[in-house]
Amino acid sequence: MADGLVIIPTFNEIENIEAIIKTVFDLKKDFHVLVVDDNSPDGTAENVEALQKQFPDRLFLEVRKEKSGLGTAYIHGFKWALARDYEYIFEMDADFSHRPADLSRLHRACLNEADVAVGSRYKKGVNVVNWPLFRILLSYGASFYVKIITGMRVHDPTAGFVCYRRKVLENIDLDAVRFIGYAFQIEMKFRAYLKGYKIEEVSIIFTDRVNGKSKMNSAIIREAIFGVIAMKFRSIFFKKSF
Ligand SMILES: Nc1nc2c(ncn2[C@@H]2O[C@H](COP(=O)(O)OP(=O)(O)O[C@H]3O[C@H](CO)[C@@H](O)[C@H](O)[C@@H]3O)[C@@H](O)[C@H]2O)c(=O)[nH]1
């Protein structure tokens, strides 16, 4: 059995995908990788298919019809993982903003006490390299905002570098998760927090991508700003769906 499954959502990551997969497979850990691609026009999925010949037992690919957001890509990946027997399920970006070597640190935190281990940019100051000031302010500001509205004591609630123990994903109603952009990351942590799971932050350095482009847009920002308040209200008035 593998040590865990690393889910990598992709949209137009042709410049990164092969290198990131090989870097994960070069780690000492026996991780499997699942790429959830949204039919990227740049041929990301075809690149993964070609690599599957080299790693037939470790590399998996799910291709969806069209670009449908990072959140639903992860939900698709989580369901895929739960239909198999992975005990540790990771989220990681394709673009090397998360260092694959840190997967082992997240894994270790979950092997010890954590139910959810979050690769945190803000646990100890601001550990972000080469991000535009606008993105740092937005992301850091969002963290304060989320803390105030939700009461959740997580320094980096929008972090997309996470390890979940299987039981957490089994006990969250994945069909009820609403957010599709980066706010998805907040919602998943909030749902785990409400269920009393232990969320531990592991300090990481986040380095902005060198190749390809961020998929950040104004709809993603709006979803986070208004959605977090709506989510808090729903958690009070519609407790059952949480
Ligand atoms: N399948 C799929 N993948 C997507 C989509 N949108 C983005 N992705 C993939 O999701 C990963 C992260 O997307 P980026 O666009 O690179 O994110 P970012 O701007 O660098 O944002 C980072 O910070 C956010 C806010 O703190 C994080 O929430 C996010 O995870 C990421 O770490 C990449 O692998 C990207 O290809 C989508 O609609 N569909």
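Everything that follows concerns the structure shown earlier in this document.
All values reported here derive from a predicted model rather than from experimental measurement. (Residues numbered from 1 in each chain as written. Predicted model: local features only at pLDDT ≥ 70, side-chain atom pairs only at ≥ 80, totals over all residues. Heavy atoms only, no water.)

### Topic: the pairing of strand E3 (residues 59-63)
Regular strands show a simple pattern: their side chains alternate between the two faces of the sheet.
Moving on, step 1. Pairing of strand E2 (residues 31-37) with E3 involves five bridges; the strand directions are parallel. Across the sheet, the residue bridging to Val35 is Leu61, located in E3.
Moving on, step 2. In the classification by handedness, the crossover that spans E2, the intervening helix H2 (residues 44-52) and the parallel E3 is right-handed. (Pairing = 2+ DSSP bridges. Helix = DSSP H or I, 4+ residues; strand = E, 2+ residues; numbered from the N terminus. Right-handed = clockwise from strand over helix to strand, strands pointing away.)

### Some points on the side chain of Arg209
Moving on, step 1. Assignment of secondary structure puts Arg209 in the loop between strand E9 (206-207) and helix H8 (218-237).
Moving on, step 2. Given a relative accessible area of 13%, Arg209 falls into the buried group.
Moving on, step 3. A distance of 2.8 Å separates polar atoms of two side chains, one belonging to Arg209 and the other to Glu13.
Moving on, step 4. One polar contact links the side chain of Arg209 to the main-chain carbonyl oxygen of Lys213, over a distance of 3.3 Å. (Buried < 20%, exposed > 50% of the residue type's maximum accessible area, 1.4 Å probe, protein only. Polar contact = N/O pair within 3.5 Å; in protein donor to acceptor, adjacent residues only side chain to side chain.)

### A look at unusual backbone geometry
Moving on, step 1. The phi torsion at Asn39 lies on the positive side, around 55°, for a residue other than glycine.
Moving on, step 2. Secondary-structure assignment places Asn39 in the loop between E2 and H2.
Moving on, step 3. By relative accessible area, which is 44% here, Asn39 ends up partly exposed.
Moving on, step 4. In the Ramachandran plot, Phe96 falls in the positive-phi region, its phi being about 70° despite a non-glycine side chain.
Moving on, step 5. Assignment of secondary structure puts Phe96 in the loop between strand E4 (88-91) and helix H4 (103-112).
Moving on, step 6. What makes Phe96 partly exposed here is its relative accessible area of 30%.

### So, the pairing of strand E7 (residues 162-165)
Moving on, step 1. Burial of E7 is two-sided: the residues Val162 and Tyr164 facing one way and the residues Cys163 and Arg165 facing the other way are all buried.
Moving on, step 2. Sheet analysis places E4 next to E7, joined by four bridges and oriented antiparallel. Residue Tyr88 lies in a different strand from E7, and its bridge partner there is Arg165.

### Thoughts on the site of the ligand
Moving on, step 1. Residues in contact with the ligand amount to 25 residues; listed here are only the nearest, Glu13, Asp93, Arg209, Ser214 and Lys215.
Moving on, step 2. Interatomic distance of 2.7 Å between a side-chain N/O atom of Asp93 and an oxygen atom of the ligand.
Moving on, step 3. Within the side chain of Arg209, an N or O atom sits 2.7 Å from an oxygen atom of the ligand.
Moving on, step 4. Notes on the ligand: free accessible area 740 Å², of which the protein chains cover 98%.
Moving on, step 5. Listed by contribution, the elements that provide at least two residues to the shell around the ligand are strand E1 (4-10) and helix H3 (70-82).
Moving on, step 6. Of the residues that constitute the shell around the ligand, the class distribution is nine nonpolar, seven polar and nine charged. (Near = heavy atom within 4 Å. Areas by Shrake-Rupley, 256 points an atom, 1.4 Å probe, with all protein chains shown as cover. Nonpolar A, V, L, I, M, F, W, Y, C, P; charged D, E, K, R; others polar.)

### Quick notes on the packing of aromatic side chains
Moving on, step 1. Tallied over the entire structure, the rule returns 14 aromatic pairs.
Moving on, step 2. Centre to centre, the rings of Phe190 and Tyr193 are 6.2 Å apart; their planes meet at 25°, and the pair counts as stacked. Within this pair, Phe190 and its partner Tyr193 are both found in helix H7 (residues 183-194), separated by three residues, close to a single helical turn.
Moving on, step 3. Accessibility expressed as a relative area gives 34% for Tyr193, which makes it partly exposed.
Moving on, step 4. Among the aromatic residues, those joined into a cluster by ring pairs are Tyr74, Phe78, Tyr164 and Phe184.
Moving on, step 5. When the ring centre of Trp80 is taken as origin, the NZ or CZ atom of Arg84, which lies over that ring, is 3.8 Å away.
Moving on, step 6. Positioned over the ring face of Phe242 is Arg191, at 4.1 Å from the centre of the ring. (Phe/Tyr/Trp six-rings, centres within 6.5 Å; stacked < 30°, edge-to-face > 60°. Lys NZ or Arg CZ within 6 Å of the ring centre and 35° of its normal.)

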